[in-house]
Amino acid sequence: MIYAAAALAEIGGCFAVWAWLRLGWSPLWLVPGAAALAVFALLLARSEAEFAGRAYAAYGGVYIAAALLWGFVVEGRAPDRIDLAGAALCLLGAAIILWGPRPA
C-alpha cells in the first residue's frame, strides 16, 4: 500500500507541473505539487525494502500501473491492451524484486 500511496503523491505532484506548463493552469498549482512530491519521497523512504535501490526498482512497476490508472481516471484516457500487458509485466517484475527468494 505504501507504494500505491507514493505513486499517487508522485503522479499528483508531477501532474501539477504538467498542468501549469502544458495546460496553462495557474503557477499556484506548483505549491501543492511540491508538497505532493515531498510526501512521495517520505513514503518511499518508509518502504520495507532492504536498500533504496531495491525500493525504487520495485516501486517502478507500481508507478507504471498507477500512471495508467491516473490517465484513465483523471485524464479520461483508457489504457489499451498493450498498456495493460506492459503494466502487468512490470508489476510481476516488481513482485519478483520484492518477494523473490534470496540466497542466505
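Residues numbered from 1 in each chain as written. Predicted model: local features only at pLDDT ≥ 70, side-chain atom pairs only at ≥ 80, totals over all residues. Heavy atoms only, no water.

Asker: Describe the nonpolar core, and please don't skip the residues or the numbers.
Answerer: Membership of the largest hydrophobic core is limited to 9 residues, which are Tyr 3, Ala 6, Ala 7, Ala 9, Phe 40, Leu 44, Ala 55, Ala 58 and Tyr 59. Where this core is concerned, the elements lending two or more residues are helix 1 (2-23), helix 2 (30-45) and helix 3 (52-73). Examining the composition of this core, we find that 4 residues originate from one element, helix 1, more than from any other. Dropping the residues within four chain positions of it, Ala 58 is found in contact with Tyr 3, Ala 94, Ile 97 and Leu 98. (Core = buried A, V, L, I, M, F, W, Y, C linked by side-chain atoms within 4.5 Å. Buried < 20%, exposed > 50% of the residue type's maximum accessible area, 1.4 Å probe, protein only. Helix = DSSP H or I, 4+ residues; strand = E, 2+ residues; numbered from the N terminus. Contact = heavy atoms within 4.5 Å.)

Asker: Please give an account of the side chain of Ser 47 that cites residues and values.
Answerer: With respect to the element layout, Ser 47 can be found in the loop between helix 2 and helix 3. Ser 47 sits in the buried class, given a relative accessible area of 14%. Polar side-chain contacts of Ser 47 include one of 3.2 Å to the backbone nitrogen of Ala 49. (Polar contact = N/O pair within 3.5 Å; in protein donor to acceptor, adjacent residues only side chain to side chain.)

Asker: Kindly report on the pattern of salt bridges, identifying the contributing residues and their values.
Answerer: The full count for this structure, using the stated rule, is 1 salt bridge. With its nearest N and O atoms 3.0 Å apart, the salt bridge here joins Arg 54 to Glu 50. The class of Arg 54 is buried, set by a relative accessible area of 15%. (Salt bridge = Lys/Arg side-chain N within 4 Å of Asp/Glu carboxyl O.)

Asker: Would you mind going over the environment of Ala 85 in detail, with residue names and values included?
Answerer: Note on placement: Ala 85 falls in helix 4 (residues 81-99). The partly exposed category is assigned to Ala 85, whose relative accessible area is 47%. The spatial distance from the C-alpha of Ala 85 to the C-alpha of Leu 68 is 11 Å, given a sequence separation of 17 residues.

Asker: So what's going on with the packing of helix 1 against helix 3? Which residues, and what values?
Answerer: The contact between helix 1 and helix 3 brings their axes to 9 Å, and the two run at 60 degrees. By the angle between their directions, the pair helix 1 and helix 3 is classed as oblique. Crossing of helix 1 against helix 3: the hand is right-handed. Where helix 1 abuts helix 3, its residues Tyr 3, Ala 4, Ala 6, Ala 7, Leu 8, Glu 10, Ile 11, Gly 12 and Phe 15 lie against Ala 55, Ala 58, Tyr 59, Val 62, Tyr 63, Ala 66, Ala 67 and Trp 70. Its residues assigned to classes, the contact of helix 1 with helix 3 shows 15 nonpolar, 1 polar and 1 charged. (Axes fitted to C-alpha atoms, helices over the stretch in contact; angles between N-to-C directions. Parallel < 35°, antiparallel > 145°, perpendicular 65-115°, else oblique. Left-handed = near helix turned anticlockwise from the far one by under 90°. Nonpolar A, V, L, I, M, F, W, Y, C, P; charged D, E, K, R; others polar.)

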